[in-house]
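A structural walkthrough
Below, each chain spelled out in residue letters.
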Amino acid sequence: MNILTAENLTKSYGEKVLFKDISFGIDEGEKIGIIGVNGTGKSTLLKILAGMEWPDQGKVTMGNNMRLEYLPQNPEFEDEATVLQQIFKGNSPVMKLLREYETAVEKLNDDPYQPLLQQALIALGQQMDELEAWQLENEAKAILTKLGISKFDTLIGTLSGGQRKRVALASALINPTDILLLDEPTNHIDNDTVDWLEQYLNKRKGALVMITHDRYFLDRIVGRVFELERGKLYPYPGNYSRYLELKVEREEQVEATERKRQSLLRNELAWMRRGARARTTKQKARIERFEKIQAAKPTEYLNRIEMPAGASRLGKKILECKHVQKGFPDHGVVIEDFSYILLRNDRIGIIGPNGSGKSTFLNLIAGVMSPDSGNIELGTTVNMGYFAQENTYLNPESRVIEEIKAVAEVIPTADGGLITASQMLERFLFPAAAQWTRIGKLSGGEKRRLYLLRILMAAPNVLLLDEPTNDLDIQTLTVLEGYLDEFPGAVLAVSHDRYFLDRITEKIFSFQGEGKIRSYAGNYSDYREQVYAAKQAAEQAMSLASLAKTFRTPNAQAGWGVIPERRKERLPKMTFKEQQDYEQIEAQIAQTEEELQDNNQLMHDLGSDFGKLTELAEIQKALEKKLDDMLNRWTYLNELAEKIAQNEARGTRRETRKHEH
């Protein structure tokens, strides 16, 4: 069932047309991803759907009683509100009640012996029961915790920008709604939280429309992709992978049409050059046809443009960290005794929870901060480019081409050629007509793209990228990834974008809190597999340790392979525990032998993975020790059973002889 319809939407800012006469519908429960180059109007379209802006032409119609929630890129906050008050900012009766209840709790905490406040809280509690609001409050706290916000009474004004964005995201998710609009929801959250959000949105039943550059996110959630390109909207059924297939097909069709147009143009041009013998109606029509074909312009695809890598020469010594340590009074140690020698072709992805020290690490390498102890040595030929989370100042009155030329007019490429500032701008999705635009008129994403290009124009040979995927569109990321493929230097990138990390990294530094940094070989998917295997191995080891502990208790509960001194004497009978062991041990030995066989096969299959092989070898050692102990126990119990049987047989014979006499 259609719950929202957009008809003939047109929106312009001055001379710039964002989109013209676009129409589409949103069905109940449908999940849609909006993509396109920054500056094409994605966020503006979302604002129009949310009723935050009006189109120049066209209209948006929503079904009766439909509820809509919108998360903008830059949400507004009340600095004096607590986290929970900000979460419950909606105007529905439930949200108003939850705000009143949280306020009453705060007042009662300040003055717990005030009878009027106690009565008010009791009355609000009864209303909470009637509206079934308790579940909503619990869900809000659960979502906040998942997003890394655990102190619910903290004032919004004291939170960082990233924490505020996560509070706003929680607010959008918790509000009961039929249509959820999200603008870049994965910005400012770490990889584990992105995984959780992906699962949450997949389970959510209402309609979803979101702008995101996270390609795995698009691939695993959406069922339709809208692409905004040069003022038009192109809908594609399916997820991001399907969009790529259909996009190629559409481009091939356009190319075929263009080849046909060029062929017609050549034929018509040849006729025009011969000259018209008479100005007949037929000839006039042919002239008009020629002019029409000539006026038709081919479609250009910016994402096809390749970006050559330019870099200055890099010497043998690049960068060496020696026992680096860094901490802060409010956060404790974030980097502890870290040492590493950076190699020429290193491609390192840096991951970890927010606040674990990832940006601090890049700041230390870039020389923005100094370590508390240890030192960082740079080679003399290092030309470092640092793409920080916050853009450095861009003069709003300066023009795009002027900003880039101020860094360099031309730069050398890896193949020995040269490329001009204007050519670099074109390759970085700033066509010639846009290069004379004043920076103040650019969108946030376009400014971010320009800032990145300005860094690359300095021809660095070591690149530090702090959340490069924030606010960059997919086309720009594709160009950047192509650039990094050819980049003849080292790259260290902090990112929560799983696709980007899989695409460019060959090593992962995982910041695990309390200053600990662990290195993993491979890209992000390899890292996840190694972490999962280690977790499975740890759980299995704990299970084995628990089992071993059960059979290592003294005396009557002696464990496998442990024969108490008193058992060395002839015993007339087994204890209750020994009898139990005797009845079960053969089946347990068979099970352990089967586990050993399975582990051997796994070691054979994963023989090329050194990390996993080490973990499996530890499991093998524990299983072999367990089997040895079991066999010792089995030998002892069998001998004991034989002695008891012999003793009973001798007793029987004695009793027989006694009766005979």
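What you see is a predicted model, and the numbers here were worked out from it, not measured in a lab.

Details of the overall build of the protein
- Within the protein, the secondary structure is distributed over 19 helices and 20 strands.
- Looking at the protein as a whole, 45% of its 661 residues are labelled buried.
- Contacts in the protein between residues at least 24 apart in sequence constitute 68% of all its contacts with a sequence separation of at least 6.
- Per element, the accessible surface of the protein, about 34900 Å² overall, is 50% carbon and sulfur.

Points about empty space enclosed by the protein
- Within this structure, the stated rule accounts for two cavities of 30 Å³ or more.
- In this structure, the largest cavity spans a volume of roughly 40 Å³.
- What lines the largest cavity is simply I34, I35, G36, K42, E184, I211, T212, H213, D473, I474 and Q475.
- Mapped onto the lining of the largest cavity, the elements with two or more residues apiece are β3 (31–35) and α15 (474–486).
- For the lining of the largest cavity, the per-class residue count stands at four nonpolar, four polar and three charged.

Focus on the pattern of salt bridges
- Here the structure, examined in full by the defined rule, presents 29 salt bridges.
- Residues R498 and E198 are paired through a salt bridge, measuring 2.8 Å at the closest nitrogen-oxygen approach. One end of the pair, R498, is in helix α16 (residues 498–504); the other, E198, is in helix α7 (residues 191–203), with 300 residues separating them in the sequence. The same class applies to R498 and to E198, which are both buried.

Some thoughts on helix α3 (residues 93–110)
- Across its 18 residues, α3 extends 26 Å between first and last C-alpha, which sits within 8% of the 26 Å expected from 1.5 Å per residue.
- Among the residues of α3, those classed as buried are M95, L97, L98, Y101, E102, A104 and L108.
- Residues of α3 that are buried make contact with α2 (83–87), α4 (115–131), α5 (134–146) and α6 (161–174).

Here we look at a negative patch on the surface
- Negative charge collects at one region of the surface, where E106, D110, D111 and D153 lie side by side.
- Of note, E106 is situated in helix α3.
- The partly exposed category is assigned to E106, whose relative accessible area is 32%.

Some thoughts on the sheet that holds strand β10 (residues 319–328)
- Reading across from one edge, β11-β10-β13 is the order of the three strands in this open sheet, with antiparallel pairing throughout. Here the strands that pair on one side only, and so sit at the sheet edges, are β11 (332–342) and β13 (373–378). Each strand axis lies, on average, 20° off the axis of its neighbour in the sheet, ignoring direction.
- In this structure, β10 lies alongside β13, joined through five bridges in antiparallel fashion.

Focus on the packing of α5 against α6
- Between α5 and α6, whose axes approach to 10 Å, the crossing angle comes to 145°. α6 is crossed by α5, and the crossing has right-handed handedness. Facing L136, E139, A140, I143 and L144 of α5, the residues of α6 in contact are V167, A170, L173 and I174.
- Residues belonging to the contact of α5 with α6 are distributed by class as follows: eight nonpolar, no polar and one charged.

Procedures and definitions
Residues numbered from 1 in each chain as written. Predicted model: local features only at pLDDT ≥ 70, side-chain atom pairs only at ≥ 80, totals over all residues. Heavy atoms only, no water. Helix = DSSP H or I, 4+ residues; strand = E, 2+ residues; numbered from the N terminus. Buried < 20%, exposed > 50% of the residue type's maximum accessible area, 1.4 Å probe, protein only. Contact = heavy atoms within 4.5 Å. Areas by Shrake-Rupley, 256 points an atom, 1.4 Å probe, with all protein chains shown as cover. 1 Å grid on protein atoms, 1.4 Å probe; cavity = no way out; pocket = protein on both sides within 12 Å on 5 of 7 lines; lining within 4 Å. Points joined across faces, edges and corners; volume = space filled by probe spheres on them. Nonpolar A, V, L, I, M, F, W, Y, C, P; charged D, E, K, R; others polar. Salt bridge = Lys/Arg side-chain N within 4 Å of Asp/Glu carboxyl O. Expected span 1.5 Å × (residues − 1). Patch = residues over 30% accessible without salt bridge, like charges linked within 9 Å, V, L, I, M, F, W, Y side chains within 5 Å. Lys, Arg positive; Asp, Glu negative; His and termini not counted. Charge placed at Lys NZ, Arg CZ, Asp CG, Glu CD. Pairing = 2+ DSSP bridges. Axes fitted to C-alpha atoms, helices over the stretch in contact; angles between N-to-C directions. Left-handed = near helix turned anticlockwise from the far one by under 90°.

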